[in-house]
Amino acid sequence: METHHKRILIVGGYGMVGSNIARLIRQSDERIEIILAGRNPENGVSLAKELKHSETAYINLEEGFEISKFKNIDLIISAVDDHRNILRETAIANGIACIAVSELADQISPTAFLGLHKTIAAPVVYAGHWQAGLLTLMVRQQAKRFSQIETIELAGLYDPKDNVGPLVSNEVNGFVSEALIRKEGNWLSIKATENSRTIRLQNQTAALGYPLSTLDVPSIAAFTSAKNIRFDFITGESIGTSNGQNASHELYITISGTMLSGEKRKLSTIVSGPKGNSHLTAVGVYLITEKILGLNGQSAQKAGGLYLPETIISNHQISGRLKEFGIEIIGEALESY
């Protein structure tokens with residue numbers, strides 16, 4: 001029998017992404033104790049009262065981090081920029097599960113090497129994918145319809161009317177650097193601003209996308225062997241705004257290759273989150289949390305090690321789960337190429 005209720009420390013817990021994560025966790029389990037931490041804990045007091053069994057705490061990663069100040073933490077969720085990897089390294093050193101959502105492809109190697117040198121007693125999840133893995137999980141589902149895949153083109157559409165917090169805002173402003181893509185089987189680091197791509201949106205208008213080094217690109221390459229993969233960031237009018245509603249966030253997925261039927265086809269799918277970018281990211285983090293802690297009747301992931309969203313979340317139809325959170329799957333269009 002457990003001697004304590006599960007305790008989750010969310011650093012950045014009262015921000016846009018963190019508060020969405022906290023609310024989803026609370027909807028799933030009213031007993032979990034949640035610590036909403038950040039540099040201005042007073043900003044999280046009203047949310048802590050709303051959630052119940054919750055508290056706030058001061059954490060400023062620029063000043064360091066002492067896990068000894070918090071008792072019996074079962075999971076650390078990093079919803080802030082942590083370029084020094086303080087939270088992940090602390091989790092590994094103390095056998096605590098951890099989910100981090102803000103790293104790009106060129107920022108994960110320090111922890112990866114640490115994991116090769118040390119025994120990791122609890123799950124540590126790289127979730128720096130777009131929307132904490134939801135895009136890659138959808139690609140994994142759609143890829144099962146193909147016997148061979150040649151090209152995967154991905155994009156995330158950010159609507160300036162979408163109310164996002166500093167975590168997402170930093171990602172939005174960070175696309176102008178070099179980006180990792182796969183082209184004709186080669187891994188290339190290219191300048192984002194010099195390698196734009198025209199993307200046809202759901203309303204049939206065209207928008208320019210700029211490549212971004214999300215973890216989706218190497219992750220998808222690992223399970224599809226596609227020779228051409230890139231993720232692009234778009235700024236434009238979302239489906240929600242076009243329909244006179246709140247700004248939404250869209251994921252555009254196009255997979256080209258040979259279907260199981262033997263026909264060469266291009267499959268296009270749009271995933272639309274009517275509650276915006278931060279909510280989609282929170283859903284991705286929640287699904288990982290659900291597996292780590294064994295919520296909603298799932299078996300908990302007890303084996304330690306480094307994980308990705310797609311290696312820890314079950315292989316069931318992700319589209320069905322997304323619909324439970326009000327996320328829409330729009331237009332699965334098949335065409336010859």
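Structure: above.
Reference entry: report on the structure contained in this document. (Residues numbered from 1 in each chain as written. Predicted model: local features only at pLDDT ≥ 70, side-chain atom pairs only at ≥ 80, totals over all residues. Heavy atoms only, no water.)

1. A few points about the packing of aromatic side chains
A full pass over the atoms with the stated rule returns 5 aromatic pairs. An angle of 75 degrees between the planes, with centres 6.0 Å apart, marks the rings of Trp130 and Phe233 as edge-to-face. Here Phe233 lies in strand β12 (residues 228–235) and Trp130 lies in the loop between β6 (123–126) and α5 (134–143), a separation of 103 residues in the sequence. Here the aromatic cluster, defined as three or more aromatic residues joined through ring pairs, consists of Trp130, Tyr158, Phe231 and Phe233. (Phe/Tyr/Trp six-rings, centres within 6.5 Å; stacked < 30°, edge-to-face > 60°. Helix = DSSP H or I, 4+ residues; strand = E, 2+ residues; numbered from the N terminus.)

2. Quick word on the environment of Lys266
Here Lys266 lies in strand β14 (residues 264–273). According to the relative accessible area criterion, Lys266 is partly exposed, its value standing at 26%. Considering only alpha carbons, one finds Lys266 and Leu334, 68 residues apart in sequence, at a separation of 5.6 Å. (Buried < 20%, exposed > 50% of the residue type's maximum accessible area, 1.4 Å probe, protein only.)

3. Observations regarding helix α9 (residues 277–293)
With 17 residues, α9 ought to run about 24 Å at 1.5 Å a step, and its terminal C-alpha atoms sit 25 Å apart, in line with that. Phi for Gly294, located one or two positions after α9, is positive at around 75 degrees. (Expected span 1.5 Å × (residues − 1).)

4. Concerning the sheet that holds strand β3 (residues 54–58)
Read across the open sheet, the 7 strands follow the order β3-β2-β1-β4-β5-β6-β15; overall the sheet is parallel. Unpaired on one side and paired on the other, β3 and β15 (305–307) mark the two borders of the sheet. Averaged over all neighbouring strand pairs, the angle between strand axes comes to 20 degrees, with direction disregarded. Against the sheet, helix α1 (residues 16–28) contacts β1 (7–11), β2 (33–38), β3 and β4 (75–78), and its axis sits at roughly 165 degrees relative to β1. (Pairing = 2+ DSSP bridges. Axes fitted to C-alpha atoms, helices over the stretch in contact; angles between N-to-C directions. Contact = heavy atoms within 4.5 Å.)

5. Section: the packing of α1 against α9
With their axes 8 Å apart at the nearest point, α1 and α9 run at an angle of 45 degrees to one another. By the angle between their directions, the pair α1 and α9 is classed as oblique. Crossing handedness for the pair α1 and α9: right-handed. Across the interface between the two elements, Met16, Val17, Asn20, Ile21, Leu24, Ile25 and Ser28 from α1 touch Ser278, His279, Thr281, Ala282, Val283, Val285, Tyr286 and Thr289 from α9. Residue composition of the contact of α1 with α9, grouped by class: 9 nonpolar, 6 polar and no charged. (Parallel < 35°, antiparallel > 145°, perpendicular 65-115°, else oblique. Left-handed = near helix turned anticlockwise from the far one by under 90°. Nonpolar A, V, L, I, M, F, W, Y, C, P; charged D, E, K, R; others polar.)

Note that every value here comes from positions in space, so none of it alone points to a role or purpose.
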